[in-house]
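Read off the chains here:
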Amino acid sequence: MTSSRQPFSSPSLLAVIGTAALVLSSTANAANTNTNRSLQGQPYDYTSEHVVARASAISKDFQSIGGFLAQQNGADRQNARAMYQLGAYCQSFATLQLNTVLTEAIIQGATVTGTSESGATISGILHSDAFPGDATIEVMYLIPSDGITKICSVSGNPTPQYDQCFVTTGEITLPDGSTLGYTGYDLDNDTANGLSMQSMSSSISGAATQGYPRIGTFAAYYGTNKYADQFIQAAFDKVDTSLLTGNAEFSKFTQFGTNKFIEVATLTMSSWMHIIIKMQDAVEVCKSLPDGGKKVSEVPIWDNAVATYRGMGGAAGGTMGQLYHLANQYCAKFGTCQDGPGGTQGMAKANEKAYIHFNSGKQDLLDGKCDLAEAALDQAAVAMLIPLVQGLLYHAYELDLFKEQREVVQGEAAAFLHSVLPLVHSCSQGNAVMIYNQIKVGNGKMASFEAIKSSIEGQYECLGITCEDIGGVRDLSDPTTYQNRGFPCGAFNPGDTPSVGGGGDVIPDPAPIPVPAAPILVPTAPSPGQQPTPWPTQDEVPTSTPTDPPSSVYQLIEYDDATEDGVTYALAIGLPLLSVLAVAFVVFRTYMKKKDSGKEFDSGETDGASPDDETQDDLKVENLQGEML
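Residues numbered from 1 in each chain as written. Predicted model: local features only at pLDDT ≥ 70, side-chain atom pairs only at ≥ 80, totals over all residues. Heavy atoms only, no water.

Across its full length, the protein holds 19 helices and nine strands. Across the 629 residues that make up the protein, the buried fraction comes to 52%. Taking as baseline every contact in the protein between residues at least 6 positions apart, the subset at least 24 positions apart corresponds to 68%. Only carbon and sulfur atoms are counted for the fraction: they give 54% of the accessible area of the protein, which is about 27,000 Å². (Helix = DSSP H or I, 4+ residues; strand = E, 2+ residues; numbered from the N terminus. Buried < 20%, exposed > 50% of the residue type's maximum accessible area, 1.4 Å probe, protein only. Contact = heavy atoms within 4.5 Å. Areas by Shrake-Rupley, 256 points an atom, 1.4 Å probe, with all protein chains shown as cover.)

Have a look at this one:
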């Protein structure tokens, strides 16, 4: 049974900051604290078991949505959408109507216990602060020791799990041993989720775009701070998006393409930005604390962001985790893992880099060094970008050179495209338009891997990544070599064989045509006394006019003001060359005809024209030029 209750709204940054000091110094979770804990062997210390449980729950929601979409039928597609919007396992909480109002405050995170219908003890923590006079409390269920599948899961779950829910009328025991009576708990309507994939996709506030430049880049490009949710909702509806720039025409896809887009985009668009937002929130909390009081004993917001990145595939009942798993998946394809032949096995080097900055950022926050923590966030974001670029390149290779052009491949490619497009656009508008037109929804079958590869490689320095970070498309039958034309930038694979034809034009990678990048208008926080900067209008945000580019790498041109000069230059070289080829063709054909008729070339006879009459040959040249043009 699906609940009609809306998912819990995330607290504002001001609310987060307002309660941060209390949360950070609270001992409510002391029993669950271990200063030497890591998540599935990763070199990161989590301060609470709640963080580990949260990672497991996020992974379970993600896997469940993907599982429903994979069934490729309407009923399961609706199940996936309900779980996307409402959540099912992550931060499941009960709203309990108390018999009497509170007389004392109870802090968020305080551990409480209750009972189930069968009499089993159910553990939870206070989901939000409760104050004197409150008649309700929100208690988040903790994942039991026997696994995520045993938690009370109702809201967006098509097969609700009631066994581990609180009894409808009973008592809650507080940390000090006192009890609170409650009544009328409706399991279907009073159980919701504090986090869903949709809340990840649409949690970017207008204030956040002013304070967080990384978010502002995406919001300015797409024209909305809820871009990820708009993409995913449009894909569910199979309708075109109506964003400022970079739209997707999902009406050209069936459920096969849209389902794959949704599955991947919830990870590469929603989860990716959610992690960065949470880390930035942790930095803002640090900045809000008074000088001399910035050192803290816990950084739960930062911990939760890292846990979201890591995921808990095994504990969640499957092998798929979150972005951590994605990085490991693509490092095997690009030879950027730590171990194995050709670097195709083990943990991704991108994950190693990310964890270095996760750890340094956490230590900086514990020490009250807010600026250093923000710098660590910047570097972690760069490491998190690596698998997104690899995903874009790999699926472009599939579409072009493997000729694997099914909708599921196109949908996956489109999800990676829209995950990196605003960042590429901030470096070079022309190259962003080139990549967009090559692989946007509906154009996947015409994609040129070489054109996409060349266009994005030219932006690596601007994006903060390197050729070594990305690697090349490995030949998995011999991981020490690369696929044909899949070599890393700055290198050439001796195994590549030249050929002529669509998608088979082999030349050393051309340097991307430089295009002056106009600045992106990102809203900034106003100085004291100033009016806030208005949101950019359509006219204020510089864009390029999307024009479908040719699929051949030989015709790589940019789509900015420089286009006319580029075309003029191409014609200035191309037309004389065509003329020379045409004349040579006519002369060769005349010679062959004379030879076949047994006559010498200088016998004075031609095909019905006098030896001195060049009119026919001139006409043939003109006609041939017209056909070739």
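The rest of the description comes next.
This part takes up the environment of Lys295. Relative to the assigned elements, Lys295 resides in the loop between α8 (255-288) and α9 (300-310). Linking Lys295 and Asp367, residues 72 residues apart in sequence, is a C-alpha distance of 4.9 Å. In this structure Lys295 touches Leu366, Asp367 and Gly368, once residues within four positions along its chain are discounted.

Judged by nonpolar contacts, the single largest core of 140 residues is most densely connected at Phe166, Tyr185, Trp302, Tyr309 and Phe358. The leading source of residues in this core is helix α12 (residues 370-400), at 18 residues. If near-sequence neighbours (up to four positions away) are discounted, Tyr309 is found in contact with Ile275, Gln322, Leu323, Tyr324, Ala327, Asn351, Ala354, Tyr355, Phe358 and Met384. Core analysis: the next-biggest nonpolar cluster, separate from the first, contains five residues, Phe93, Ile125, Met140 and Leu142 among them. (Core = buried A, V, L, I, M, F, W, Y, C linked by side-chain atoms within 4.5 Å.)

If you walk through the whole model with that rule in mind, you get five disulfides. Here Cys331 engages in a disulfide with Cys337; their sulfurs sit 1.8 Å apart. The S-S bond linking Cys331 to Cys337 shows a torsion near 95°; that makes this disulfide right-handed. The exposure class assigned to Cys331 is buried, which follows from its relative accessible area of 0%. (Disulfide = S-S within 2.5 Å.)

On to α12. Given a rise of 1.5 Å per residue, 31 residues ought to cover 45 Å, and the 46 Å separating the end C-alpha atoms of α12 matches this to within 8%. Counting buried residues in α12 gives 26 out of 31 residues, a clear majority hidden from the surface. (Expected span 1.5 Å × (residues − 1).)

To continue, consider the packing of helix α3 (residues 74-86) against helix α7 (residues 227-237). Viewed as axis vectors pointing N to C, α3 and α7 meet at an angle of 160°, and their least axial separation amounts to 11 Å. Judged by the angle between their axes, α3 and α7 are roughly antiparallel. In this structure, α3 crosses over α7, and the sense of that crossing is left-handed. Residues Arg77, Ala80, Arg81, Tyr84 and Gln85 of α3 lie in contact with α7, whose contacting residues are Asp229, Ile232, Gln233, Ala235, Phe236 and Asp237. The residue makeup of the contact of α3 with α7, split by class, is five nonpolar, two polar and four charged. (Axes fitted to C-alpha atoms, helices over the stretch in contact; angles between N-to-C directions. Parallel < 35°, antiparallel > 145°, perpendicular 65-115°, else oblique. Left-handed = near helix turned anticlockwise from the far one by under 90°. Nonpolar A, V, L, I, M, F, W, Y, C, P; charged D, E, K, R; others polar.)

Here we take up empty space enclosed by the protein. Per the stated rule, a full pass over the model turns up four cavities of 30 Å³ or more. Estimated volume of the second largest cavity: approximately 40 Å³. Considering the residues around the second largest cavity, the lining is formed by Phe334, Leu393, Phe449, Lys453, Glu457, Tyr460, Ile470, Gly471, Gly472, Val473, Gly486 and Phe487. Tallied by class, residues from the lining of the second largest cavity come to seven nonpolar, three polar and two charged. (1 Å grid on protein atoms, 1.4 Å probe; cavity = no way out; pocket = protein on both sides within 12 Å on 5 of 7 lines; lining within 4 Å. Points joined across faces, edges and corners; volume = space filled by probe spheres on them.)

On to the confidence of the model for the protein. With 66% of its residues at a pLDDT of at least 70, the protein reaches an overall mean of 76. Across residues 497-572, confidence stays below pLDDT 50; counting only partners more than four residues off in sequence or on other chains, it has 129 contacts. The model gives residues 597-629 a pLDDT under 50, and that stretch makes 26 contacts with residues more than four places away or in other chains. (pLDDT = per-residue confidence, 0-100.)

Located in the positive-phi region is Gln72, a residue other than glycine, with phi close to 55°. By the element assignment, Gln72 lies in the loop between α2 (49-70) and α3. One non-glycine residue, Gln91, adopts positive backbone phi at about 55°. Given the relative accessible area of 18%, Gln91 is considered buried.

Before going further, it helps to spend a moment on the pattern of salt bridges. Opposite charge on two side chains permits them to pair, given that their charged atoms come into close proximity. Tallying each qualifying case throughout the model produces 12 salt bridges. Linking Asp281 and Lys278 is a salt bridge whose minimum nitrogen-to-oxygen distance equals 3.1 Å. One end of the pair is Asp281 and the other is Lys278, both in helix α8 and three residues apart, which spans about a single turn. The residue Glu457 makes a salt bridge to Lys453 at a minimum N-O spacing of 2.8 Å. On the criterion of helical spacing, the pair formed by Glu457 and Lys453 is a turn pair, its members being four residues apart in helix α15 (residues 449-457). Shared partners join several salt bridges into a network, and the residues in it are Glu284, Lys287 and Glu374. (Salt bridge = Lys/Arg side-chain N within 4 Å of Asp/Glu carboxyl O.)

With that settled, consider the pairing of strand β2 (residues 111-115). Residues Val112 and Gly114 line the buried face of β2, whereas the alternating positions Thr111, Thr113 and Thr115 sit on a face that is not buried. With five bridges connecting them, β2 and strand β3 (residues 121-126) associate as antiparallel partners. By the bridge assignment, Thr113 is partnered in β3 with Ser123. Here β2 hands over to β3 after five residues, with Gly119 in that stretch at a positive phi of 95°. (Pairing = 2+ DSSP bridges.)

Below, the discussion takes up the packing of aromatic side chains. Within this structure, the stated rule accounts for 18 aromatic pairs. Here the aromatic rings of Phe218 and Trp272 are separated by 6.0 Å at their centres, their planes lie at 45°, and the arrangement is tilted. Here Trp272 lies in helix α8 and Phe218 lies in helix α6 (residues 213-222), a separation of 54 residues in the sequence. Ring geometry for Tyr324 and Tyr355: centres 6.2 Å apart, planes at 85°, overall edge-to-face. Note that Tyr324 is positioned in helix α10 (residues 323-334) and Tyr355 in helix α11 (residues 349-366), a separation of 31 residues in sequence. Residue classification places Tyr324 among the buried residues on the basis of a relative accessible area of 7%. An aromatic cluster is defined as three or more aromatic residues linked by ring pairs; in this entry it consists of Phe218, Tyr221, Tyr222, Tyr227, Phe231, Phe250, Phe261 and Trp272. Above the ring of Tyr324, the side-chain terminus of Arg310 is found at 3.8 Å from the ring centroid. (Phe/Tyr/Trp six-rings, centres within 6.5 Å; stacked < 30°, edge-to-face > 60°. Lys NZ or Arg CZ within 6 Å of the ring centre and 35° of its normal.)

Below, the discussion takes up the side chain of Gln459. Mapped onto the secondary structure, Gln459 falls in the loop between α15 and α16 (460-463). Exposure remark for Gln459: the relative accessible area of 6% places this residue in the buried category. Setting aside residues up to four positions removed in sequence, Gln459 forms contacts with Val424, Cys427, Ser428 and Asn431.

A separate point is α3. Compared with the 18 Å implied by 1.5 Å per residue over 13 residues, the 18 Å span of α3 between its first and last C-alpha is a close match. With its phi angle positive at about 80°, Gly87 sits one or two positions after the end of α3.

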